[in-house]
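# Observations on the three-dimensional arrangement
So you can see what is in the structure, the chains are spelled out below.
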Amino acid sequence: MKFTPDDLLLYAVTDRSWLGDHDLVDQVEETILAGTTIVQLREKELSNKDFLAEAVKVQSVCQKHNIPFIINDNLEVAIVCGADGIHVGQSDLAANQVRERLGKDKIIGVSAQTVEQAILAEQMGADYLGVGAVFSTSTKLDASDVSFDTLKQICKAVSIPVVAIGGINAHNLLQLSGSGVNGVAVVSAIFAQNDISKATRELRQLAEKMVKA
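Presented here is a report on the structure given in the accompanying data block. This structure is a prediction, so every number in the text was calculated from the model and none was measured. (Residues numbered from 1 in each chain as written. Predicted model: local features only at pLDDT ≥ 70, side-chain atom pairs only at ≥ 80, totals over all residues. Heavy atoms only, no water.)

## Structural notes on the overall build of the protein chain
Heads up, the condition is: Helix and strand assignments follow DSSP, with helices taken as H or I runs no shorter than four residues and strands as E runs no shorter than two, numbered in order from the N terminus. Only C-alpha atoms enter the radius of gyration; for comparison, a globular chain is expected to reach 2.2 Å times N to the power 0.38, where N is the number of residues. Note on exposure labels: buried denotes an accessible area under 20% of the residue type's maximum, exposed denotes more than 50%, and partly exposed covers the range between, all computed with a 1.4 Å probe on protein chains only. By definition, residues are in contact when any of their heavy atoms lie within 4.5 Å. For every accessible area listed, the method is Shrake-Rupley and the probe measures 1.4 Å; residues are considered covered only by the protein chains on display.
Along the backbone of the protein chain there are eight helices and eight strands. For a compact globule of 213 residues, the expected C-alpha radius of gyration is about 17 Å, and the protein chain comes in at 16 Å, within 12% of that figure. For the C-alpha atoms alone, the extent of the protein chain along its principal axes is close to 40 × 40 × 30 Å. Within the protein chain, the proportion of its 213 residues that are buried is 50%. Taking the intrachain contacts of the protein chain between residues at least 6 apart in sequence as the baseline, contacts between residues at least 24 apart amount to 63%. Total accessible area on the protein chain is roughly 10,100 Å²; 46% of this is exposed by carbon and sulfur atoms.

## Let's talk about the packing of aromatic side chains
Rule in force here: The aromatic pairing rule takes the rings of Phe, Tyr and Trp, using the six-membered ring of Trp, and pairs them if the centres are within 6.5 Å, calling planes under 30 degrees apart stacked, those over 60 edge-to-face and the rest tilted.
Applying the stated criterion across every chain, the model contains two aromatic pairs. Plain terms: the ring middles of Phe3 and Tyr128 are 5.9 Å apart, the flat faces sit at 45° to each other, and that makes the pair tilted. A residue pair is termed long-range when its members are at least 10 positions apart, and Phe3 in the segment before strand 1 (10-13) and Tyr128 in strand 6 (residues 128-131) qualify at 125 residues. Counting every residue linked through ring pairs, the aromatic cluster contains Phe3, Tyr11 and Tyr128.

## Comments concerning the pairing of strand 4 (residues 85-88)
Put simply, the rule reads: Any two strands between which DSSP finds at least two bridges are classified as paired. For the handedness criterion, the strands are oriented away from the viewer, and a crossover whose path from the first strand over the helix to the second runs clockwise is classed as right-handed.
Side chains Gly85 and His87 project from strand 4 onto one buried face, and the interleaved Ile86 and Val88 project onto a second face that is buried too. Relative to strand 4, strand 3 (residues 69-72) runs parallel, the two being bridged by three bridges. Bridged to Ile70 within strand 4 is Gly85. Chirality of the crossover, the property in question, places the unit of strand 3, helix 3 (residues 75-81) and strand 4 among those that are right-handed. Tracing the backbone out of strand 4, into helix 4 (residues 95-102) and back to the parallel element strand 5 (residues 107-112) gives a crossover that is right-handed.

## Some remarks on the side chain of Gln59
To keep it simple, the criterion reads: N or O atoms within 3.5 Å of each other form a polar contact, as long as, within protein, one can give a hydrogen and the other can take it, and as long as residues adjacent in sequence are counted only when both atoms are side-chain atoms.
By secondary structure assignment, the location of Gln59 is in helix 2 (residues 48-64). Reaching out from Gln59, the side chain makes a polar contact with the backbone oxygen of Cys81 at a distance of 3.0 Å.

## Here we look at the sheet that holds strand 5
The criterion, for reference: Angles here are taken between N-to-C directions and fall from 0 to 180 degrees, while the axes themselves are lines fitted to C-alpha atoms, restricted in helices to the stretch in contact.
Taking strand neighbours around the barrel as the criterion, the eight strands line up as 1-2-3-4-5-6-7-8 in a closed arrangement whose pairing is parallel. Neighbour-to-neighbour, the strand axes of this sheet turn through a mean angle of 25°, independent of strand direction. With three bridges joining them, strand 1 and strand 8 (residues 183-186) adopt parallel strand pairing. Its bridge partner being in strand 8, Tyr11 is matched across the sheet by Ala185. Helix-sheet contacts for helix 2 involve strand 2 (38-41) and strand 3, and the interaxial angle to strand 3 is about 160°. Taken strand by strand, helix 6 (residues 148-157) contacts strand 6 and strand 7 (162-165), and its axis lies near 165° from that of strand 7.

Here it is as structure tokens:
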């Protein structure tokens, strides 16, 4: 799949914490139809077998709507299901090592909290950076806060696109205006909402406004 910075505009990261009686695949399709531009399947608790089964179903929906499908952390699942890419953290394999396993045509995202980490990730072959947490977040308790100034410095220091992540919602998204990011990655701002379509549409409009500012 051809990957462009525009794909990062509204980046939905799944979380089954708020599923209740709903189906994750249905939720993913709902947010895609309402304006999400890329989807990451994040499963920290599932076995590889269950993760893969879920990945195949979510991937099918993403392919139907021509949306990039990213796996969080799990390289084996990403390889087996043929995902469009993977997102890895600082404690995971370096981007160049991931590239050797995943292939040259796949998308590799790397988390970064500092300018040094960002530059190194780009040098190692990352296609985009996920920078955060830009606001306090309950979904990733080990994420370090990244100031607006640091976010801006990272965007200036690298030539690859940057997506901001961490505690972003409709109330604070526009505070990222002028940072240089290409988009925002959100979890609860989509998947914890009663009306996923409405939440997605609002976030999409705000993200477009923020990027243009």
